[in-house]
Amino acid sequence: MSLNRHLTRGREQLVRSRDLARTAGDHAADMFAPLTLIARGLRRHAGWARARWAATPKDRRGPTLLLTAAALVGGVLLPHGPLLAIVALLASAAWAGRRPRTAQEPTPDPADVKLPALYAALTPYLCAADDPCPLYGPEGGYRDVFTDWAFDPDGRLAALEIAYPAYFTDTEPIARARIEQVVQGKAGRAREYRFDWDEECNRLQVTALSPLPVDVPAQNWVTAPGEIVLGFTDSLATQRMIPVAQDGGSGHQPPVVWRTGPRSADPHLLALGPAGSGTSTLLRTVALQALAHGDLLVIDGAGTGEHACLVNRPGVHTVETSLHGALAALEWAAQETERRLAALNAARYRGEPAPADATRPLWLLLDHPTELSELAHAEGRPDPQDLLEVPLRHGRAARVTVVVVDTIEAADRISPTVRSTARARVALGARTPEELQVALGVPLDIAPAAQTPPGRGYARIGAHAPTRLQVPATVDPLDDEAPARLRDAVIALLPHRDTRTEAAAPPLPDHQPHTPATAQPAGSSPVGAHPVGARPAGAPQGAPVRVELGKDRADRADQHEVRSAPQW
Ligand SMILES: Nc1ncnc2c1ncn2[C@@H]1O[C@H](COP(=O)(O)OP(=O)(O)OP(=O)(O)O)[C@@H](O)[C@H]1O
């Protein structure tokens, strides 16, 4: 009982002392109210003065300062001037500080602004009329179906998990595409989104993808021989990072690496994209990397001269823009592939190491070959794409790699052999999911943005899922409109006869490309510097053309008359 009384008294004391403290606080606040008022006013005056000073143009700050100083001196010199000035300042501060600072309007939660609209837009697609307990409906709310979401600092949707009814046909691409379009429309078409459909749990995970680095200049990449950096992707798509120099600094970026060579499961590449999407730039990116370890044969079917910077470079057999030049070059390439195969087989049969002239990588780079196919068809000549059959089918063993780039509109004119053997795929440019599926060979789980910079697209290497891709800015060094620093970066990578330490491409005699019996006599190619592997006089039709790849051969090259390489 006494303990109870003791506790009650203690509680009363506590309440009394709390009241005392509150009363003292109130009195103090009343007492200091004028001071608080004046301090608030002075603070506002100071803020106003700072803003005026910042808004005053630099050239008018000196006179303003002088005028203020003169006014101050004048005020001091006046009888009772300082006293009057202080009184005036305190009065104006009291006036300015009389209103307490207005509380800021709370910013609305972006979820409450944006998600109801998305919920309403999805409702027609995810609500069945005879569903007794609909997930989506006029009475429902977004919190019932959106389980997890995130917004970026700009208030844009960054991630969202959507629940959908089990009867929604999530296995049908058309049904999926409808939902993806609605989500992308409401969340903003300027960005790319990844859609992960969890068919078992009836959930869709939407993730907005951050932009990839653009304008990464061409440079030497840290890769193993046979590895080609096609561009850069998301850090989640690969565990690999490579050093990249950009904007005067250096950092690391996750690359899209295409492995070529005899151990590659995807030894050939097909890249498609609309005009201006950067397919020729991609081809140039590959060419510059391939030149480090191999020789090139370039066919420019569009004849725009976009690969003229490669003409006469050591390691570049030829750059052909004409149909007859392309036919001659590709026929040589087919025979060279057969010769290499025969040489490799013979060496293996004899138990000898593979001859160097059969193992040096040879790259066949074709830009817009369908243009030449159409021309050949009109002229009744063989289709250049048909001549790719042997390099495509046997190129892996013979170290011959084929890269074909073309417009996406020409996808149906790409030969079936190219389509079936070129399993490394790239699709560039903003295109519909259907067109991207044609280019990549598989459906894409990423919704492309409405606008994409040049060189942006998707890469699919073999059986792997497609990943986003941004091709390095390997611009045409002869393109006056390209930024000078990007052109200089490409020029620095182009090999010169005196800088290339490896074996140069064999010098070629006078341009006498072999053409089939039905073909017109060969003429000169507009860009082609010299013909490829001309057949020795008297050699039987179909006999492999001998190509010598070696240092001594490169030395002898200098004795031939070769058109001088362009001077940069
Ligand atoms: N990855 C890139 N980074 C920066 N600029 C690029 C990139 N790719 C392409 N470009 C620029 O975009 C323009 C078009 O590129 P490119 O010629 O490679 O496209 P294309 O698909 O071959 O078009 P076309 O079929 O008309 O020749 C060029 O000015 C080029 O410099």
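Scoring rules and cut-offs
Within each chain, residues carry numbers counting from 1 in the order of the written sequence. Local features in this predicted model are restricted to residues of pLDDT 70 or higher, and side-chain atom pairs are both shown and tallied only at a pLDDT of 80 or more, whereas totals for entire chains, interfaces and linings draw on every residue. UniProt positions are given in the numbering used here, feature names are shortened, and annotations may be inferred rather than shown by experiment. Numbering of helices and strands runs from the N terminus, with a helix taken as a DSSP run of H or I at least four residues long and a strand as a DSSP run of E at least two residues long. Whether a residue is buried, exposed or partly exposed follows from its count of other C-beta atoms within 10 Å of its own C-beta, namely 20 or more, 12 or fewer, or something in between, respectively; the C-beta atoms are built from the backbone. Taking the helix axis as origin, the arc is that swept by the directions to the C-beta atoms. Should DSSP find at least two bridges between two strands, the strands are regarded as paired. Note on contacts: each residue gets a C-beta atom placed from the backbone, and two residues are in contact if those atoms are within 7 Å. The axes used here are C-alpha line fits, helices contributing only the stretch in contact, and every angle between their N-to-C directions lies in the interval 0 to 180 degrees. For a helix, the expected span equals 1.5 Å multiplied by the number of residues minus one.

Going by an unreviewed UniProt entry, the chain carries the name Membrane protein and comes from Kitasatospora nipponensis.

### Remarks on the UniProt feature "transmembrane region" (unreviewed entry) in the chain
Using the residue numbers shown here, the UniProt feature "transmembrane region" (unreviewed entry) corresponds to residues 65-95. For residues 65-95, the end-to-end C-alpha separation is 26 Å, with 90% helix and 0% strand making up the annotated structure.

### Things to note about helix α14 (residues 484-493)
For α14, every residue scored as buried is listed here: Leu486, Arg487, Ala489 and Val490. Each buried residue of α14 lies within a common arc of 155° when the element is viewed along its axis, so the set occupies one face.

### Quick notes on the pairing of strand β4 (residues 203-209)
Residues Leu204, Val206 and Ala208 line the buried face of β4, whereas the alternating positions Arg203, Gln205, Thr207 and Leu209 sit on a face that is not buried. Across five bridges, strand β2 (residues 157-163) lies against β4 in antiparallel orientation. Pairing of isoleucine 162 across the sheet is with leucine 204, part of β4. Here strand β3 (residues 192-198) pairs with β4 via seven bridges, running antiparallel. By the bridge assignment, arginine 194 is partnered in β4 with threonine 207. Counting the residues that bridge the hairpin from β3 to β4 gives four residues, and of these asparagine 202 lies at a positive phi of roughly 55°.

### Here's the deal with the sheet that holds strand β1 (residues 146-151)
Think of a sheet as strands paired side by side through backbone hydrogen bonds, with each pair either parallel or antiparallel. The strand order β1-β2-β4-β3-β15 describes an open sheet built from five strands, whose pairing is antiparallel. If you trace the sheet from one side to the other, it starts and ends with β1 and β15 (446-447), each paired once. Packing of helix α6 (residues 173-187) onto the sheet brings it into contact with β2, β3, β4 and β15, and relative to β3 it is tilted by some 140°.

### Things to note about helix α7 (residues 279-290)
Here α7 spans 16 Å end to end across twelve residues, near enough to the 16 Å set by a 1.5 Å rise per residue. With twelve of twelve residues buried, α7 lies mostly within the body of the structure. Taken together, the buried positions of α7 are Thr279, Ser280, Thr281, Leu282, Leu283, Arg284, Thr285, Val286, Ala287, Leu288, Gln289 and Ala290.

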